[in-house]
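# A look at the structure
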Amino acid sequence: MNIEEIIIDKVRILPPDKQQKVLDFVEFLLAKIQKQELSSQEIKSGVSALTLAQEYVGCVEAASDLSTNKDYMNGSDS
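In this text the structure is predicted, and so the values were computed from the model without any measurement.

The rules behind each value
Residues numbered from 1 in each chain as written. Predicted model: local features only at pLDDT ≥ 70, side-chain atom pairs only at ≥ 80, totals over all residues. Heavy atoms only, no water. Helix = DSSP H or I, 4+ residues; strand = E, 2+ residues; numbered from the N terminus. Buried < 20%, exposed > 50% of the residue type's maximum accessible area, 1.4 Å probe, protein only. Areas by Shrake-Rupley, 256 points an atom, 1.4 Å probe, with all protein chains shown as cover. Salt bridge = Lys/Arg side-chain N within 4 Å of Asp/Glu carboxyl O. pLDDT = per-residue confidence, 0-100. Patch = residues over 30% accessible without salt bridge, like charges linked within 9 Å, V, L, I, M, F, W, Y side chains within 5 Å. Polar contact = N/O pair within 3.5 Å; in protein donor to acceptor, adjacent residues only side chain to side chain.

## Quick look at the overall build of the protein
A count of helices and strands for the protein gives four helices and zero strands. When the helices and strands of the protein are listed from N to C terminus, the series reads α-α-α-α. In the protein, buried positions account for 0% of the 78 residues. For the protein, the computed accessible surface area is about 7,300 Å², with 58% contributed by carbon and sulfur atoms.

Written as structure tokens, this is what we have:
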């Protein structure tokens, strides 16, 4: 008897509400695997950090270059 058959036999014994929990857990594991696969595909495809963070670009209002505006960095807005 292989592991799949053992799992099926044991799940059949469980009441329906517990079977639903098993199904939820299996679906969670599958979603986790799919997410990991997508992440590794993005890394392999050479997706840039800018592409990954594109939805956040421009969402913060600040001086154009904080490194040259020391007063702004210290809280003085002059």
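## Quick look at the pattern of salt bridges
Using the criterion set out here, one finds one salt bridge in the structure. Here Arg12 and Asp9 are joined by a salt bridge, their closest N and O atoms 3.9 Å apart. Highlighted residues: Arg12 and Asp9, both in helix α1 (residues 3–13), separated by three residues, approximately one helical turn. What makes Arg12 exposed here is its relative accessible area of 63%. Note on Asp9: relative accessible area 33%, which makes it partly exposed.

## Points about the confidence of the model for the protein
In this model, the protein carries a mean pLDDT of 81, and residues with pLDDT of at least 70 account for 74%. Mean pLDDT values over the elements of the protein span from 68, in helix α4 (residues 70–73), up to 96, in α1.

## Some words on a nonpolar patch on the surface
A surface patch of nonpolar side chains, amounting to about 300 Å² of accessible area, comprises Phe25, Phe28 and Leu29. Mapped onto the elements of the fold, Leu29 is located in helix α2 (residues 16–44).

## Details of the environment of Asn2
Inspection of the secondary structure assignment puts Asn2 in the segment before α1. Only 3.1 Å separates the side chain of Asn2 from the backbone nitrogen of Glu4, close enough to count as a polar contact. A polar contact is formed between the side chain of Asn2 and the backbone nitrogen of Glu5, at a distance of 2.9 Å.

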